[in-house]
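Structural description and commentary
For reference, the chains in residue letters:
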Amino acid sequence: MSGLPPIIVGAGPAGVRAAQTLVAHGLRPVLLDEAPRAGGQIYRQPPPGFRRSKKTLYGFEAGRADAIHRVFGALAGKLDYRPETLVWNAQPGLLDVMHTGTQAADSIAWQDVIVATGATDRVLPFPGWTVPGVYTLGGAQVALKFQGCAIGRKVVLAGTGPLLYLVAYQYVKAGAEVMAVLDSSSLSDRIAALPDMLGQPLLLLKGMYYLAWLHAHRIPLESHARVLRVEGDAHVRAVVWRRESMTADALAVGPERSIDCDAVGFGYALRSETQLADLLGCRFRFDAVQRAHLPERDDAGRSSVPGVYLAGDGAGIMGADAAELAGERAALALLHDRGVRVDAARADLLERRLARIAVFRKGLERAFPFPHKWAQLADDKLIVCRCEHISVGELRQAVRDGNVQEMNRLKALTRVGMGRCQGRMCGAAAGEILAQASAVPLAQVGRLRGQAPVKPVPIGMRMSALSSASSSASVSASAGSSVFSVALAAGEDE
Ligand SMILES: Cc1cc2nc3c(=O)[nH]c(=O)nc-3n(C[C@H](O)[C@H](O)[C@H](O)COP(=O)(O)OP(=O)(O)OC[C@H]3O[C@@H](n4cnc5c(N)ncnc54)[C@H](O)[C@@H]3O)c2cc1C
C-alpha cells in the first residue's frame, strides 16, 4: 500500500470514526474541519475554558459525545488533524483550503477523500423571517452548545422535525421561556409513522420522552401550525400563526393567533451539505423521501467517482448513530480499494445496521412531513434569497417570462443562490417555488450546481493563495483557478 495519505473532510461522528478506522489499519489520514474543535454538529464542543458538564451540554447523548471525544483524543499524534480549516473548493486531485484564523490558503493533493460534511437546517421562509431575532433551529442550538447563550428570553420555535422538540427541551432546560412550539405536522402523521420507527425503540423512546417532558412542563405544543408572519422592525416582537389542516376535500383554517416573543428559531428538517461532492464530480440522484438531489453512494459509501467516499449526513440525512457507522464503513471501503485486508464480516454488519436505521429515517420523514403546500401558499412578496433580495414573485415572473424549468436557468435569470450562501439557505425553497410555478416535478427542476467557494472566503486570502501557487509548481495551475473563484466571490461580497 502506498500513495498520499487519505483525506477526511469533517470531524463529526462520521469523520472521527473514519479516521479511527484508517489509523487502526496503519494509515495516517489528514482530517480537515473548519470548526475549531472536533465533534461535528451534534457533539460540538464549547471553546476551551467553558466549564459546562457533558450532561448539561449533550443530555442523553452525553455518553456518545464522550465516546467520540475520547476516540478523537486517542488519535492525537496518529493523524494530521487541521482544525479551523475550511475546504472551500474541490477539484480532481486537489482540495483548496483556508485556515479560518490566519486566512492562509493552501492546496492539498488528494488520492482518496472521505467527504463527511454533515447538514444544515432546511429553510422555508415566511414573512418576517429576515427580521433580527429570527434564527434557524441549528443556529439556536449552536448558540446554546458553543457559547452557552440563548437566542432570546421568550422564544417561539417553529417548523417541523425532531430537532424542533429537542431544541425546545434544551432551551427550557437552559432557562429560556419557550412560548410555543409550532409544528406544521400533526399527531396523526406521527402515529402513521410508528411501524417504521419501532425498529429503533431507544431512539423512539427518546423522542417520546422529549414530547412528554415538554407537555409536563406546560409548553404549548401546536400541530398543523403555519407561521403567517413574524412582526417587528428592529427586532422580533411577535409571531402570528394559525392552524391549517386538510379535511376530506378542503383546507380547514383556524383563527389567527399572536404570540409575543423576542426570538424565533425555525427549520423544516435538515438538508445535506453536498457542494464538495458536487465539485468533485459525483453523480447525483433525486431522493423523493428527503426531497433533495443527493450524491449517489453504494452501501459502502463509494461515490460514482473513484477515490471519493461519502459518509454521514452530507450524503443524505440519517442521523448521528448512522454517521458513525457510515464513517467506519467508508473507511473500510477506502482501505479495501487500496488493497488493505479488512474485516468483511464487520463491513457487512455495518451495512445491515445502516439499513435498519434507514427504515427508521423513512419513518421520521413520515412523522414530520414536508409542508407540501408551502410553495403554493407563499406570497409573491416573500423574500426567498436574502443574499440577493429575491422574492417569490420575481422567481415566478422569471418562470412565466422565460419559460424557466431548471434551477440553474432560474439562477442565471434572477441571481437566486448567487450570493454569500451560494444557495445553501435558499436553494431548497427556490426549487419548490420553481416546481410549483412551472408545474414541473421537483425531481426534474434539478439543483443548483456547486460553485466555489462553497462558503464565503475573505479577499485577504487572495494573497496567500497567490503565494501558495507561486511557491509550488505542482499546484500552480489549479491554484490559479482557485484564485479566480476567490476574486469573484470577494467581488460579490463587496
Ligand atoms: C443544526 C443541526 C443540529 C443538530 N442537532 C442534533 C441534535 O441535537 N441531536 C441529534 O441527534 N442530531 C442532531 N443533528 C443531526 C446530527 O448533527 C447529525 O446527524 C450528525 O452530526 C451527522 O454527523 P456527520 O459526521 O455526518 O456530520 P456533522 O456532525 O455535521 O459534522 C460535519 C463536520 O464537517 C465540517 N465541515 C462541513 N463542511 C466543511 C468544509 N467545507 N470544510 C471543512 N469542514 C467542513 C463541519 O464543521 C462539521 O464539523 C443536528 C443537525 C444539524 C444540522
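Residues numbered from 1 in each chain as written. Predicted model: local features only at pLDDT ≥ 70, side-chain atom pairs only at ≥ 80, totals over all residues. Heavy atoms only, no water.

Side note on the site of the ligand
Around the ligand sit 34 residues, and of these D33, Q41, Q141, L166 and D313 come closest. Within the contact set of the ligand, an oxygen atom lies 2.9 Å away from a backbone nitrogen or oxygen of A14. In the environment of the ligand, an oxygen atom lies 2.6 Å from a nitrogen or oxygen atom belonging to the side chain of D313. In isolation the ligand has 980 Å² of accessible area, and contact with the protein removes 90% of it. (Near = heavy atom within 4 Å. Polar contact = N/O pair within 3.5 Å; in protein donor to acceptor, adjacent residues only side chain to side chain. Areas by Shrake-Rupley, 256 points an atom, 1.4 Å probe, with all protein chains shown as cover.)

Examining unusual backbone geometry
Cis geometry marks the peptide bond from A452 to P453; its omega dihedral reads 0°. Summarising the element assignment, P453 is placed in the loop between α15 (442-445) and α16 (461-471). Of note in this structure, Q103 is not a glycine but carries a positive phi near 65°. Residue placement: Q103 occurs in the loop between β5 (94-99) and β6 (105-109). For Q103, a relative accessible area of 31% translates into the label partly exposed. Its identity as a non-glycine residue notwithstanding, H224 has a phi of 50°, on the positive side. Look at H224 and you get partly exposed, because its relative accessible area is 26%. (Helix = DSSP H or I, 4+ residues; strand = E, 2+ residues; numbered from the N terminus. Buried < 20%, exposed > 50% of the residue type's maximum accessible area, 1.4 Å probe, protein only.)

Comments concerning the nonpolar core
Grouped together as the largest cluster of nonpolar side chains are 50 residues, with contacts concentrated most on L182 and L410. Here this core takes five residues from helix α14 (residues 427-438), the largest share from any one element. Sequence-distant contacts of L410, that is, excluding residues within four places in its chain, are made with L395, A398, V399, V404, R415, V416, A430 and L434. Core analysis: the next-biggest nonpolar cluster, separate from the first, contains 43 residues, V16, A320, L350 and I357 among them. (Core = buried A, V, L, I, M, F, W, Y, C linked by side-chain atoms within 4.5 Å. Contact = heavy atoms within 4.5 Å.)

Some remarks on the pattern of salt bridges
Considering all chains together, one arrives at 29 salt bridges under this definition. The closest approach of N and O atoms between K455 and E273, which form a salt bridge, is 4.0 Å. Here K455, found in the loop between α15 and α16, pairs with E273, found in the loop between β18 (270-272) and α8 (275-279); they are 182 residues apart in sequence, far enough to count as distant. With respect to class, K455 is no different from E273; both count as buried. Note that R302 and D298 form a salt bridge whose closest N and O atoms lie 3.4 Å from each other. What makes R302 partly exposed here is its relative accessible area of 26%. Among the residues examined, D298 registers a relative accessible area of 35% and is labelled partly exposed. In the salt-bridge network here, residues are joined through shared partners; they are E34, R271, E273, R424 and K455. (Salt bridge = Lys/Arg side-chain N within 4 Å of Asp/Glu carboxyl O.)

Points about the confidence of the model for the protein chain
Taken over all residues, the pLDDT of the protein chain has a mean of 90, while the share at 70 or more is 93%. Here residues 465-494 is modelled with pLDDT under 50, and outside its nearest four sequence neighbours on either side it reaches 37 contacts, counting other chains as well. (pLDDT = per-residue confidence, 0-100.)

Quick look at the packing of aromatic side chains
On inspection of all chains with the given rule, the structure shows 11 aromatic pairs. Aromatic side chains Y43 and Y58 sit 6.5 Å apart centroid to centroid with 80° between the ring planes, which places their arrangement in the edge-to-face category. Here the residue Y43 occupies a position in the loop between β2 (30-32) and α2 (54-58), and Y58 occupies one in helix α2, the gap between them amounting to 15 residues. For the pair Y43 and Y58, a shared accessibility class is recorded, and that class is buried. Measuring from ring centre to ring centre gives 4.8 Å for Y169 and W213, while their planes differ by 80°; the resulting arrangement is edge-to-face. In this pair, Y169 is assigned in helix α5 (residues 162-174) and W213 in helix α7 (residues 201-216), connecting sequence segments 44 residues apart. Side by side, Y169 and W213 carry an identical accessibility label, which is buried. Linked through ring pairs, F60, Y169, Y209, Y210 and W213 together constitute an aromatic cluster. Residue placement shows R386 over the ring face of W129; its charged tip is 5.1 Å from the ring centre. For R447, the ring lying beneath its charged end belongs to F284, and the centroid distance is 3.8 Å. (Phe/Tyr/Trp six-rings, centres within 6.5 Å; stacked < 30°, edge-to-face > 60°. Lys NZ or Arg CZ within 6 Å of the ring centre and 35° of its normal.)

Description of α14
For α14, spanning 12 residues, the distance from its first C-alpha to its last is 16 Å, which sits close to the expected 16 Å at 1.5 Å a residue. With nine of 12 residues buried, α14 is to be regarded as a mostly interior element. For α14, the complete set of buried residues consists of G427, A429, A430, G431, E432, I433, L434, A435 and S438. On its buried face, α14 sits against α11 (374-377), β22 (383-385), α12 (392-402), α13 (407-414) and α15. Of the residues trailing α14, A439 is marked for its positive phi of about 60°. (Expected span 1.5 Å × (residues − 1).)

Considering the pairing of strand β17 (residues 263-268)
Among the six residues in β17, six count as buried, and that is most of the element. A two-sided burial pattern is seen for β17, the buried positions comprising A263, G265 and G267 on one face and V264, F266 and Y268 on the other. Of the strand pairs in this sheet, strand β9 (residues 134-136) and β17 are connected by three bridges, and their pairing is parallel. The residue bridging V134 from the neighbouring strand is V264, located in β17. (Pairing = 2+ DSSP bridges.)

Description of the state of the cysteines
What the rule picks out here adds up to zero disulfides. Cysteine C421 remains unbridged, with the sulfur of C387 as its closest cysteine sulfur at 4.2 Å. (Disulfide = S-S within 2.5 Å.)

Notes on the packing of α5 against α7
Axis separation between α5 and α7 bottoms out at 9 Å; the angle between their running directions is 50°. One way to sum up the angle between α5 and α7 is to call them oblique. At the point where α5 passes α7, the crossing takes the left-handed sense. Contacts from Y165, L166, A168, Y169, V172 and K173 of α5 reach α7 at Y209, Y210, L211, W213 and L214. Taken together, the residues that form the contact of α5 with α7 break down as 10 nonpolar, no polar and one charged. (Axes fitted to C-alpha atoms, helices over the stretch in contact; angles between N-to-C directions. Parallel < 35°, antiparallel > 145°, perpendicular 65-115°, else oblique. Left-handed = near helix turned anticlockwise from the far one by under 90°. Nonpolar A, V, L, I, M, F, W, Y, C, P; charged D, E, K, R; others polar.)

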